Amino acid sequence: MLDYRLSDETEALRKTVQEFAREVIAPQIGEFYERDEFPTQIVRQMGELGLFGLPFPEEYGGGGGTYFDLCVVLEELARVDSSMAITVEAGVSLGAMPIYRFGSEEQKQEWLPRLCSGEILGAFGLTEPGGGSDAGATRTTARLEDGHWVINGSKAFITNSGTDLTGLVTVTAVTGTRPDGGKEISAIIVPSGTPGFTVGQRYSKVGWNASDTRELSFDDCRVPEENLGARGRGYAQFLSILDEGRIAISALSVGLAQGCVDESVKYAAQREAFGQPIGRNQAVQFMIADMEVRASTARLAYYRAAEKMLRGEPFKREASIAKLYSSEVAMDNARYATQVHGGYGFMNEFPVGRFYRDAKILEIGEGTSEVQRMLIARDLGVG
Ligand SMILES: Cc1cc2nc3c(=O)[nH]c(=O)nc-3n(C[C@H](O)[C@H](O)[C@H](O)COP(=O)(O)OP(=O)(O)OC[C@H]3O[C@@H](n4cnc5c(N)ncnc54)[C@H](O)[C@@H]3O)c2cc1C
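In this convention, every chain numbers its residues from 1, walking through the sequence in written order. Owing to the predicted nature of the model, reporting of local features is limited to residues with pLDDT of at least 70; listing and counting of side-chain atom pairs is limited to 80 or more, with chain, interface and lining totals taken over all residues.

Asker: Give me the site of the ligand: which residues, what numbers.
Answerer: Contacts to the ligand come from 25 residues, most closely from L126, G132, S133, T368 and E370. Strands are runs of DSSP state E lasting at least 2 residues, helices are runs of H or I lasting at least 4, and numbering of each runs from the N terminus. Of all the secondary-structure elements, those providing two or more residues to the shell around the ligand are α4 (82–102), β1 (121–125), β3 (148–159) and α10 (369–379). Of the residues in the shell around the ligand, the class split is 12 nonpolar, 10 polar and three charged. Counting the residues that make up the shell around the ligand, at least three belong to each of domain 2 (123–232) and domain 3 (236–379). Placing the C-beta atom from the backbone, one calls a residue near a molecule or strand if that atom lies within 6 Å of it. Each residue is assigned to one class: nonpolar for Ala, Val, Leu, Ile, Met, Phe, Trp, Tyr, Cys and Pro, charged for Asp, Glu, Lys and Arg, and polar for all the others, Gly among them. The split into domains, and so the bounds of each, comes from an automatic or database assignment of domains.

Right, dumping it as structure tokens:
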């Protein structure tokens with residue numbers, strides 16, 4: 001049966017997060033954004049709300065919800081601010097999820113309760129300075145020595161990797177050669193503060209300025225042998241984490257696209273030109289109507305992908321479709337929302353300026369639009 005209504009529990013969660021985003025995040029995030037500062041206190045409050053544990057079982061300190069609940073939360077956060085939305089997305093979907101899905105029981109017991117409560121944040125290190133789309137080209141290495149993995153190499157653009165709350169980063173590294181001659185890539189947990197693990201300065205970014213993104217380097221960094229996930233499975237594991245992550249990024253994109261509608265509806269009613277509100281002009285009405293059409297259809301795309309995932313059906317194609325479509329929708333809506341705001345759209349005091357700067361990365365992170373098109377075509381058997 002087709003039913004895309006939210007359950008009572010998910011709707012209650014959505015409303016709680018909507019209220020939190022409007023009352024706690026909205027009034028202060030602009031200043032953090034302009035100062036390029038990570039708002040540790042807001043992130044702690046999101047932890048107290050249980051947002052970092054949403055899709056994990058209660059036995060590990062999680063909320064016992066679903067991945068779809070996480071997506072609905074990300075949408076509501078991004079409707080107000082994408083920096084906080086990506087902080088939750090990266091903490092849950094990229095930081096904690098690999099440990100939950102692929103970690104040993106000991107690793108889950110050790111890390112998940114603190115990750116779920118938001119006491120610590122996790123990060124995910126796949127991309128390297130030499131390349132992100134070609135994730136198999138990993139150059140970081142780890143060699144086994146006296147019961148320890150000795151890691152050397154570097155990672156680029158890693159979200160949540162250098163905050164006051166960061167507790168660990170899971171990185172991919174080449175741990176050997178496969179029987180077919182290819183690279184054996186494994187995932188290794190590196191706790192923050194491990195000697196030889198250096199976290200670089202925050203990048204100066206175009207958008208997501210209140211989120212934390214850094215370069216990491218590993219110089220004979222030693223972690224215990226048991227910090228490794230299943231040897232040689234790291235590449236496949238990280239790719240499967242990215243398949244799910246695309247649904248989350250789609251939800252975040254829909255939130256940004258919907259936030260553009262919210263702000264434009266408000267502004268069109270209050271701004272006057274030629275003696276009447278600008279919203280009386282059909283040209284402005286059409287821009288806003290088209291924004292709403294795009295946000296609504298993009299939402300259906302991520303609901304569809306999440307539905308397939310929760311049913312346990314193959315969902316890669318739907319996840320790529322949702323990510324590709326909704327990130328392009330977010331870009332379009334940010335452009336039109338800025339247009340509706342005229343000169344004020346270009347001023348930092350209005351949220352749409354932030355939306356405009358935050359939208360572009362959605363077409364790049366967790367697989368560029370070109371990578372999504374490649375995946376969709378491949379799934380269709382083309383090429
Ligand atoms: C703010 C931010 C946060 C991020 N957070 C994380 C994180 O937490 N963890 C992490 O691991 N990574 C993270 N990333 C990295 C991100 O996932 C990569 O930037 C992205 O995957 C693209 O990789 P790249 O930058 O190396 O671009 P490249 O792979 O160099 O691509 C450059 C261009 O070439 C195109 N291209 C490449 N190959 C092909 C091809 N075969 N066919 C057609 N076109 C192609 C791409 O689509 C793109 O347009 C983050 C990035 C940013 C900017």
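That covers the picture; the talk isn't over yet.
Asker: Go over the packing of helix α3 (residues 67–78) against helix α7 (residues 282–311), please, and point to the residues and values.
Answerer: Direction vectors running N to C along α3 and α7 enclose 160°, while the axes themselves pass 9 Å from each other. It follows from the interaxial angle that α3 and α7 lie roughly antiparallel. The element α3 and its partner α7 pack so that their crossing is right-handed. Mapping the contact onto sequence places Y67, F68 and C71 in α3 and Y302, A306, M309 and L310 in α7. Angles here are taken between N-to-C directions and fall from 0 to 180 degrees, while the axes themselves are lines fitted to C-alpha atoms, restricted in helices to the stretch in contact. Throughout, the term roughly parallel applies to angles under 35 degrees, roughly antiparallel to angles over 145, roughly perpendicular to angles from 65 to 115, and oblique to all others. Two helices that cross are described as forming a left-handed crossing if the nearer one is turned anticlockwise from the farther one by less than a right angle, and a right-handed crossing if clockwise. Residues are treated as contacting if the C-beta atoms built from their backbones sit within 7 Å of each other.

Asker: Hey, could you go over helix α9 (residues 351–359) for me, with residue numbers and the actual values?
Answerer: Labels follow a simple rule on C-beta atoms placed from the backbone: if 20 or more others lie within 10 Å of a residue's own, it is buried; if 12 or fewer, it is exposed; otherwise it is partly exposed. Counting buried positions along α9 gives eight out of nine residues, so the element sits mostly inside the fold. On its buried face, α9 sits against α1 (8–35), α4, α6 (234–270) and α8 (316–340).

Asker: Hey, could you go over the environment of L13 for me, with residue numbers and the actual values?
Answerer: Structurally, the position occupied by L13 is in helix α1. Here the alpha-carbon distance between L13 and P55, two residues 42 residues apart in the chain, equals 13 Å. Setting aside chain neighbours within four positions, we find L13 in contact with D69, V72 and V73.

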